[in-house]
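If you want the building blocks of each chain, they are given just below.
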Protein chains: 2
Amino acid sequence: MELKVDVNRCSAELDRLAQFSDVPAPAVQRVVFTPTDLAARGYLIELFEAAGLRVRVDPIGNILARWEGADPSLPALATGSHTDAIPYSGKYDGTVGVLGGLEAIRTLQQAGVKPRRSIELIMFTSEEPTRFAYGCLGSRLLSGQLAPDAAATLTDADGQRLDAVRQNAGFKGLLADVKLQPGHYAAFVELHIEQGPLLERAGLAIGAVTAIAAPAALRVRYTGPGGHAGGVMMADRRDPLIAGSRLALEVDAAARDSGSPDTVGTVGVLDVHPRAVNSIPRDVQLEIDVRDIDGPRRDRVLERIKRQAQTFGDELGVPTTIEMINADPPATSDPTIVAAIEKSCADAKLTHQRMVSRAYHDSLFMSLVCPIAMIFIPCRDGMSHRPEEYSSPEAIRAGIEVLARTLYQLAE
Amino acid sequence: MELKVDVNRCSAELDRLAQFSDVPAPAVQRVVFTPTDLAARGYLIELFEAAGLRVRVDPIGNILARWEGADPSLPALATGSHTDAIPYSGKYDGTVGVLGGLEAIRTLQQAGVKPRRSIELIMFTSEEPTRFAYGCLGSRLLSGQLAPDAAATLTDADGQRLDAVRQNAGFKGLLADVKLQPGHYAAFVELHIEQGPLLERAGLAIGAVTAIAAPAALRVRYTGPGGHAGGVMMADRRDPLIAGSRLALEVDAAARDSGSPDTVGTVGVLDVHPRAVNSIPRDVQLEIDVRDIDGPRRDRVLERIKRQAQTFGDELGVPTTIEMINADPPATSDPTIVAAIEKSCADAKLTHQRMVSRAYHDSLFMSLVCPIAMIFIPCRDGMSHRPEEYSSPEAIRAGIEVLARTLYQLAE
């Protein structure tokens, strides 16, 4: 089958979507349920409806756009990703899976395909944990991994509850109604940039993802007496930033010592209060991210970090609180879908390799309700979550064609 | 001479002033040129005028309230302090020197004293570096230590220039006109809480300050490639928070290793950008405060910190910028004024000791234009720059009486 992917249209739509941002270009920031996020959603729904898709928005704001198949009674295929963007990030993370998914559907339509199964394109709400310190809100609720009550009471930095925020943003109905029925989808396939350097280094067009790393997030807080930076002698100090700094170094060391390059550990947030040059810190809070494709190995690293976090607080003599934000199991791709992706690469004459995803995606939670797999494309220097994030039109075109061919195979 | 200090009136005024705050009580936050700061200034001017003082406000917003002496042609005596407050601080730092100075003048008035020299009560603008990362703006400009052009171009976190901010706040005229003429003041005496534990531990009422520590502030910035917390393997990382954490520990160690308990080193600000749990830090900035009563010893500690700051950046392979924000010389009190303070303690039957100030005060810059000294009173547990900051009415009463007696001696 000949497929003509209009990558220029998709690139133009990616550029347009990037203009919905709360920071100056080329940086992008689109945080869930902000006016900017809502405006971007409006743009996406226009595009979906223009392609003849029937749009449904669920109570958490997931957008589900359906291309009706020849036999609507069959469980549908699903594809998609997210369009929210962390502060000062780029324009390809997630968006390539949504707008590329749309382009894959339009490509099949334009080739005259009438699939037997319906195909649904999903834009998942808040894959990024930016606002509620909790990633993949949309897919966690679709899969039932996150209880509606637990979701409702998540709060943002301003202390606003998720349930109030989503309703004020216009997403009504019961969060309990988000959960999908068993067998709702036949399969889910997500197209995404690699967010790592391996495909580019190997000079390959496509990565067929066989497993997704298990992410865990931890919050550690140290509280000290503080005081005036001039007035309190060193011998009298218990500065929580000392414990916090030791912990930041420990997280790095623990990940490097795991014995596998698949383990990563990051301190992405380190907040100092009251944050004044002449004031000894009184409150230091770290948010720590640890991932691995091997759950038990990740948990051994987490245990070392938690143990040392407590030790550093005890040695300093300050109160220490350690809180697990989340700890999800790894996911394994469905061999049939991976095989379909590989056949699509062969049909499209594109090079590929099997690989794992160290980053964390909505596919991780969709794996709880249906077979899944992911299609990776290279991104420049493996960069992501920064303004310089880039995938070439050629790389995106290849991803769209492989996604289209994979959906075609699975839909028959 | 009998002096009746109305400490209850002063305590009530301290409580009222603390209500001008941008954070919930008991915490206080009053940042220069905010509406809250301007409202507090209005309250002070009312009090000063009610005491019969002639109020002048200079172009940087210093409030100078004059009690005319019998011989107005003589250089005046000055006393005073500041009323700005860093985020989440307390209600005694600085304010005791302003409202206690007012109470000392009212006490002398009530005792029927008519001093030969005029006495001026000064409320200095922005002793705290909170907004413009530069402390003692008012006294630096009064003394000529800070050039008007350099002051005008200081910017706050929002990028607003000091010159625009102060004019929008209603402080017009040329910054060049703030500088005092040589011989303008005969002497300056500042009443202040100790902000350290020594007087309380020794069970003494008064500290006669013989020297003020030399403060220095340093800004260090590390910039790395950042990236996705899941996507970038440890071996490919150059995380600037690693260098920042090592530097925070080094600042603490360098101060402790100086050989003197009079050396203190603090990292009060450590900012992480973009500050997302799943994003590797791309930009880490530290603000470092180092103080000592011995300038050369302080500078040796600073040199070690600067050298190591560069080493940590080089070892990580990330760009490093090191910027001195300020480095002021220590100040020595005038022996005549210190002797007058000690005689006042004897006359008032109050215990005292000579001591140094590790914290940094407007007196440091006033020492460039006239003889100075400071009067310290104990504060509970040596705490300052936090909501629990506290000095008892009895401690404040003692400080006011010693200040009043000292001004009386020096005014004759």
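Residues numbered from 1 in each chain as written. Chains lettered and ligands numbered in written order. Predicted model: local features only at pLDDT ≥ 70, side-chain atom pairs only at ≥ 80, totals over all residues. Heavy atoms only, no water.

As a further point, take the overall build of chain A. Counting its secondary structure elements, chain A contains twelve helices and 15 strands. The C-alpha radius of gyration computed for chain A amounts to 22 Å, which stays within 12% of the reference 22 Å derived for 412 residues, consistent with globular compactness. By principal-axis analysis of the C-alpha atoms, chain A measures approximately 80 × 45 × 40 Å. The buried share among the 412 residues of chain A stands at 65%. Long-range contacts, defined as pairs at least 24 residues apart, comprise 78% of the intrachain contacts of chain A with a sequence gap of at least 6. Counting only carbon and sulfur atoms, one obtains 51% of the accessible surface of chain A, whose full area is about 13,900 Å². Across chain A, the 43 positively charged side chains and the 53 negatively charged ones have centroids separated by 1 Å. (Helix = DSSP H or I, 4+ residues; strand = E, 2+ residues; numbered from the N terminus. Rg over C-alpha atoms; globule rule 2.2 N^0.38 Å. Buried < 20%, exposed > 50% of the residue type's maximum accessible area, 1.4 Å probe, protein only. Contact = heavy atoms within 4.5 Å. Areas by Shrake-Rupley, 256 points an atom, 1.4 Å probe, with all protein chains shown as cover. Lys, Arg positive; Asp, Glu negative; His and termini not counted. Charge placed at Lys NZ, Arg CZ, Asp CG, Glu CD.)

Between chain A and chain B, the contact holds 64 residues from the first and 64 residues from the second. For the interface between chain A and chain B, the tally reads four salt bridges. In this assembly, chain A and chain B are joined by 20 residue pairs in polar contact (both at pLDDT 80 or more). Elements with a contribution of two residues or more to the side of chain A that touches chain B: β5 (85-89), α7 (198-202), α8 (240-256), β10 (264-273) and β11 (283-292) of chain A. Top element by residues in the side of chain A that touches chain B is β10 of chain A. It accounts for ten residues. The residue inventory of the side of chain A that touches chain B, partitioned by class, reads 31 nonpolar, 18 polar and 15 charged. (Salt bridge = Lys/Arg side-chain N within 4 Å of Asp/Glu carboxyl O. Polar contact = N/O pair within 3.5 Å; in protein donor to acceptor, adjacent residues only side chain to side chain. Nonpolar A, V, L, I, M, F, W, Y, C, P; charged D, E, K, R; others polar.)

Let's shift gears to the domain arrangement of chain A. Residue and element names in this part refer to chain A. As far as domains go, chain A holds domain 1 (7-213 + 330-411) and domain 2 (215-327). The C-alpha-based centres of domain 1 and domain 2 are spaced at 33 Å. In this complex, domain 1 contributes eleven residues to the contact, which on the side of domain 2 involves ten residues. Buried area between domain 1 and domain 2, both sides added, is near 940 Å², and the carbon and sulfur share of it is 62%. At the boundary of domain 1 and domain 2, one finds one salt bridge. Aspartate 262 is the salt-bridge partner of arginine 358, the closest N and O atoms lying 2.4 Å from each other. For the side of domain 1 that touches domain 2, the class distribution of residues is eight nonpolar, one polar and two charged. (Domains from an automatic or database assignment. Buried area = accessible area lost by both parts, 1.4 Å probe.)

As enumerated under the stated definition, the model contains 65 salt bridges over all chains in all. Of the charged contacts in the structure, one is a salt bridge between arginine 275 of chain A and aspartate 271 of chain B, with a shortest N-O distance of 2.6 Å. Of this pair, arginine 275 of chain A sits in the loop between β10 and β11 while aspartate 271 of chain B is found in strand β10 (residues 264-273), placing the two residues in two different chains. Owing to a relative accessible area of 26%, aspartate 271 of chain B belongs among the partly exposed residues under this scheme. The residue arginine 219 of chain B makes a salt bridge to glutamate 323 of chain B at a minimum N-O spacing of 3.1 Å. One end of the pair, arginine 219 of chain B, is in strand β9 (residues 214-223); the other, glutamate 323 of chain B, is in strand β12 (residues 320-327), and 104 residues separate them in sequence. Residues participating in the shared-partner salt-bridge network are Asp6, Arg9, Glu13, Glu103 and Arg106 of chain A.

Moving on: the packing of aromatic side chains. Describing an aromatic ring pair means giving the distance of the ring centres and the angle of the ring planes. All names here are of chain A. Taken as a whole and assessed by the stated rule, the structure comprises ten aromatic pairs over all chains. Consider the rings of phenylalanine 33 and phenylalanine 171, whose centres lie 5.4 Å apart with planes at 40°: the pair is tilted. Of this pair, phenylalanine 33 sits in the loop between β1 (28-30) and α2 (35-50) while phenylalanine 171 sits in the loop between α6 (162-168) and β7 (185-193); the two residues are 138 residues apart in sequence, bridging distant segments of the chain. Among the residues examined, phenylalanine 33 registers a relative accessible area of 7% and is labelled buried. Arranged with centres 5.9 Å apart and planes meeting at 85°, the rings of tyrosine 92 and tyrosine 390 form a pair that is edge-to-face. Here the residue tyrosine 92 occupies a position in the loop between β5 and α3 (95-110), and tyrosine 390 occupies one in the loop between β15 (372-377) and α12 (393-411), the gap between them amounting to 298 residues. Of the residues examined, tyrosine 92 reaches a relative accessible area of 7% and is grouped as buried. For tyrosine 390, a relative accessible area of 31% translates into the label partly exposed. Of note, arginine 16 hangs over the ring of tyrosine 43, and the distance from its end group to the ring centre comes to 5.6 Å. (Phe/Tyr/Trp six-rings, centres within 6.5 Å; stacked < 30°, edge-to-face > 60°. Lys NZ or Arg CZ within 6 Å of the ring centre and 35° of its normal.)

Once that is clear, we can look at the relation of the copies chain A and chain B. Rotating chain A by 180° and moving it 0.0 Å along the rotation axis overlays it on chain B with an RMSD of 0.1 Å. Taken together, the rotation angle and the small translation identify this as a two-fold axis. Distance from the rotation axis, computed per C-alpha, reaches its smallest value in chain A at serine 245 of chain A: 2.2 Å. The share of interface residues of chain A whose copies in chain B are also at the interface is 100%, consistent with both copies meeting through the same surface. (Least-squares fit on C-alpha atoms with pLDDT ≥ 70 in both.)

Moving on to the environment of glycine 259 of chain B. Secondary-structure assignment places glycine 259 of chain B in the loop between α8 (240-256) and β10. As a C-alpha pair, glycine 259 of chain B and glutamate 315 of chain B span 56 residues in sequence and 28 Å in three-dimensional space.

Here the focus is the packing of helix α1 (residues 7-18) of chain B against helix α3 (residues 95-110) of chain B. Packed helices, taken two at a time, are described by the angle between their axes plus the distance between the axes. Residues and elements named next belong to chain B. It is the contact of α1 with α3, at a shortest axis distance of 10 Å, that shows an interaxial angle of 145°. In the packing of α1 onto α3, the handedness of the crossing is right-handed. Residues Arg9, Cys10, Glu13, Leu14 and Leu17 of α1 form the contact with α3, whose participating residues are Thr95, Val96, Leu99, Gly100, Leu102, Glu103 and Arg106. Looking at side-chain class alone, the contact of α1 with α3 contains six nonpolar, two polar and four charged residues. (Axes fitted to C-alpha atoms, helices over the stretch in contact; angles between N-to-C directions. Left-handed = near helix turned anticlockwise from the far one by under 90°.)

So, on to the state of the cysteines. All names here are of chain A. Summed over the entire model, instances satisfying the criterion amount to zero disulfides over all chains. Of the cysteine sulfurs around cysteine 345, a residue in no disulfide, the closest is that of cysteine 379, at 17 Å. Under the relative-accessibility criterion, cysteine 345 is labelled buried at 0%. (Disulfide = S-S within 2.5 Å.)

This next bit is on the pairing of strand β9 (residues 214-223) of chain A. Residue and element names in this part refer to chain A. Burial analysis of β9 places eight of its ten residues in the buried class, which makes it a mostly covered element. Taken together, the seven bridges between β9 and strand β12 (residues 320-327) define a ladder with antiparallel strand orientation. Paired with tyrosine 222 across the two strands is threonine 320, which belongs to β12. (Pairing = 2+ DSSP bridges.)

All names here are of chain B. With respect to topology, four strands assemble into an open sheet ordered β10-β11-β9-β12, the strand pairing being antiparallel. Only two strands of the sheet have a single neighbouring strand rather than two, namely β10 and β12. Between one strand and the next, the sheet's axes are offset by a mean angle of 15°, whatever the strand orientation. Looking at chain direction, β9 and strand β11 (residues 283-292) are connected through ten bridges and run antiparallel. Each bridged residue has a counterpart across the sheet, and for tyrosine 222 the counterpart in β11 is valine 284.

What follows concerns the sheet that holds β10 of chain A. Residues and elements named next belong to chain A. Read from one edge of the open sheet, four strands run β10-β11-β9-β12, paired in antiparallel fashion. In this open sheet, the two edge strands, each paired with only one partner strand, are β10 and β12. Each adjacent strand pair in this sheet contributes to an overall mean axis angle of 15°, direction not counted. Helix-sheet contacts for helix α9 (residues 295-316) involve β9, β11 and β12, and the interaxial angle to β9 is about 5°.

Now for the UniProt feature "binding site: Zn(2+) 2" (unreviewed entry) in chain A. Under the UniProt annotation, "binding site: Zn(2+) 2" (unreviewed entry) lies at Asp93, Glu128 and His385 of chain A. With the annotated positions falling across 293 residues, the maximum pairwise C-alpha distance of 10.5 Å places them together in a single cluster. Along the chain, aspartate 93 of chain A falls in the loop between β5 and α3. Of note is the side chain of aspartate 93 of chain A, whose polar atom sits 3.3 Å from the side chain of glutamine 195 of chain A. The residue histidine 385 of chain A is located in the loop between β15 and α12 in this model. Residue histidine 385 of chain A is classed as buried on the basis of its relative accessible area, which comes to 1%. Ignoring any residue separated from it by four or fewer positions in sequence, one finds histidine 385 of chain A in contact with Ile86, Tyr88, Ser89, Asp93, Glu128 and Gln195 of chain A together with Gly227, His228, Asn278, Ser279 and Arg282 of chain B. (UniProt positions renumbered as here; feature names shortened; annotations may be inferred.)

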